[in-house]
Amino acid sequence: MAGNPTAERGAMVRARELALRGPRGVNPQVGAVILSPDGRVLGEGWHRGAGTPHAEVDALSRLRPDEARGATAVVTLEPCNHTGRTGPCAAALLDAGISRVVFACADPGDVSSGGADRLRAGGVDVDRLDEAEGEAIIADWLFVQRTGRPRVTVKWAQSLDGRAAAADGTSQWITGPEARAHVHRERSAHDAIAVGTGTVLADDPQLTARVDGTPDAPQPVPVVFGTRAIPADAAIRRHPRGHRTASHDLERELFGLAADGLQSLYVEGGPTLASAFIGAGLADRLTIYLAPTLLGGPRTVLDDIGVSTIDEQRRLTVTRLEQLGRDLLVEATTEKEH
Ligand SMILES: NC(=O)c1ccc[n+]([C@@H]2O[C@H](COP(=O)([O-])OP(=O)(O)OC[C@H]3O[C@@H](n4cnc5c(N)ncnc54)[C@H](OP(=O)(O)O)[C@@H]3O)[C@@H](O)[C@H]2O)c1
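Next up on the list: the nonpolar core. Core analysis: the biggest nonpolar cluster contains 29 residues, and Ile-34 and Ile-98 have the highest contact counts within it. Counting residues per element, the ones that place at least two in this core are strand 1 (31-35), helix 2 (55-60), strand 3 (72-77), helix 3 (89-96), strand 4 (100-105), helix 4 (115-121) and helix 6 (139-147). For Ile-34, the contacting residues outside a window of four places in its chain are Arg-40, Val-41, Leu-42, Gly-43, Ala-59, Leu-60, Leu-63, Ala-71, Thr-72, Ala-73 and Ile-98. One finds Ala-192, Ile-288, Leu-290 and Val-330 within the second-largest nonpolar core, a separate group that totals 28 residues.

A few words on the domain arrangement of the protein. Partitioning the protein into domains gives domain 1 (5-137) and domain 2 (144-334). Its C-alpha centre places domain 1 at a distance of 37 Å from the equivalent point of domain 2. For the pair domain 1 and domain 2, the summed buried area comes to about 450 Å², and 42% of that belongs to carbon and sulfur atoms. Sorting the residues of domain 1 by area buried against domain 2 places Arg-24, Gly-25 and Val-26 first, and these three jointly supply 83% of that buried surface.

For the rest of this paragraph, the subject is empty space enclosed by the protein. One pass over the structure, following the stated rule, counts 1 cavity of 30 Å³ or more. Along the walls of the largest cavity sit Pro-23, Arg-24, Gly-25, Asn-27, Pro-28, Gln-29, Ile-137, Ile-138, Trp-141 and Gln-263, which together make up its complete lining. The class makeup of the residues in the lining of the largest cavity is 5 nonpolar, 4 polar and 1 charged.

As a further point, take the site of the ligand. The ligand sits among 27 residues. The nearest are Gly-169, Ser-171, Thr-199, Thr-227 and Thr-272. Within the contact set of the ligand, an oxygen atom lies 2.6 Å away from a side-chain nitrogen or oxygen of Thr-199. Note that an oxygen atom of the ligand is positioned 2.8 Å from one of the side-chain N or O atoms of His-248. For the ligand, whose free accessible area comes to 930 Å², the fraction covered by protein is 86%. One can see that the ligand is located within the largest pocket. Elements supplying a minimum of two residues to the shell around the ligand: strand 6 (151-159), helix 8 (197-203) and helix 10 (271-279). No other element matches helix 8, which puts 5 residues into the shell around the ligand. Looking at the shell around the ligand residue by residue, the classes come out as 11 nonpolar, 13 polar and 3 charged.

What counts as what
Residues numbered from 1 in each chain as written. Predicted model: local features only at pLDDT ≥ 70, side-chain atom pairs only at ≥ 80, totals over all residues. Heavy atoms only, no water. Core = buried A, V, L, I, M, F, W, Y, C linked by side-chain atoms within 4.5 Å. Buried < 20%, exposed > 50% of the residue type's maximum accessible area, 1.4 Å probe, protein only. Helix = DSSP H or I, 4+ residues; strand = E, 2+ residues; numbered from the N terminus. Contact = heavy atoms within 4.5 Å. Domains from an automatic or database assignment. Buried area = accessible area lost by both parts, 1.4 Å probe. 1 Å grid on protein atoms, 1.4 Å probe; cavity = no way out; pocket = protein on both sides within 12 Å on 5 of 7 lines; lining within 4 Å. Points joined across faces, edges and corners; volume = space filled by probe spheres on them. Nonpolar A, V, L, I, M, F, W, Y, C, P; charged D, E, K, R; others polar. Near = heavy atom within 4 Å. Polar contact = N/O pair within 3.5 Å; in protein donor to acceptor, adjacent residues only side chain to side chain. Areas by Shrake-Rupley, 256 points an atom, 1.4 Å probe, with all protein chains shown as cover. Sits in = over half its atoms within 2 Å of the grid points.

Structure, rendered in C-alpha cells:
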C-alpha cells in the first residue's frame, strides 16, 4: 500500500516539531501524528518524558473511539515493542486498528526495537520515511544508546602560538565578542558543561548560557571535576541549575551523567581537564577558537595527551572553519569508530 505521500511528509514535519516540545532526558524526544485515510490530521501527540505515555499513545488518546480504524500513524521513531513503565506502542497501535505506520528513525534499543516487525506481523502496512532530520533531532540520544555516555565536545580558546593563558594564569579574554557569543550558543545547545577546579579557582566562571546577553536560553548543568573545594562565594554556586561535582574517573562520571538523562557535555577548561578527556579518548568533537594574538610562556593549551612519538599523534578531521569577528573557529572530530 502506498499511503498518501504528500500528507505523510507534511505530518512527519509536524511530528518533528511536536517531538521537540518534549524534554531531553533518558527517553528520546518523539512526536506522532494520526492521519485519516484521506490525509486529514485526526490527532497529535508527543512524549513528555520517562514514565509518561509515548507519542503514539498520546496521539491516539486524542481520537474518538474507533476513529483510529484504518488510519495512518506518522511517528518520528519506530514504535517500541517493549513493556517498561508504559506498554508497547506497537500493541497499542494494533489494538486501535491503525492500518499503516510511517516512521523516520529505527529504534536502536536492544529491548525496545522490533516494533515494525510486530506491526507487520499484525497485518499493518509499515514504511520508513528515510529522512536525515528525523535522526538529527535525537542524534545525541542515539549516541548515548550506542556508547552509554554523553557526546563530548572539548572547547578552548587559544592564542595563535597555542597558549590558553598568559604566564600569570589570566585568560579572560583571549577572544573577541563574536567568539564569546558563539560560546554562549554552544553552552545552551549542550545538556551539561564541565570545568576543572583549576578554572573555578582561577576564573570564577558563571557557566551560564547568556545567548543575546540574557540568561533566558536553556541552561546546561555545570559539572566541576576535581577534589579541591569550591569557594563558598564562587559564582557557580548561583547557577540556576545548581552544580554537580565529579571525580577524576572521567568514564564513570560520564556514565553517571547519561544515566541522569544528560546527553551532551561541553568541556570548557582548562588545559588539564581538556588533556585528560583527549588523552582518555573521550573527546568526540573539538571547538577551538584561534585569536590573532601571541602570549608565549608555559601555559600551552594541552599538556600530556599520551602521545610520546609521532605514530601516536591524534589525527583530526576538520568539519568547519569560520571567521568570528577577528577570531577563527576550527571545529574538528576525532578519528575513531563508535
Ligand atoms: N583558554 C581557555 O579556553 C581556558 C579555559 C579555561 C581555563 N583556562 C585557564 O586555564 C587555567 C586553569 O588550568 P587548569 O588546567 O588548572 O584548569 P582545569 O583543567 O579546569 O582544572 C584542573 C583540575 O581538574 C581536576 N581534575 C578532575 N578530573 C581530572 C582528571 N581526570 N585529570 C586531571 N585533572 C582532573 C583536578 O582538580 P583537583 O586538583 O582539585 O583534584 C585538576 O587540578 C587558568 O589559567 C584559566 O584561566 C583557559
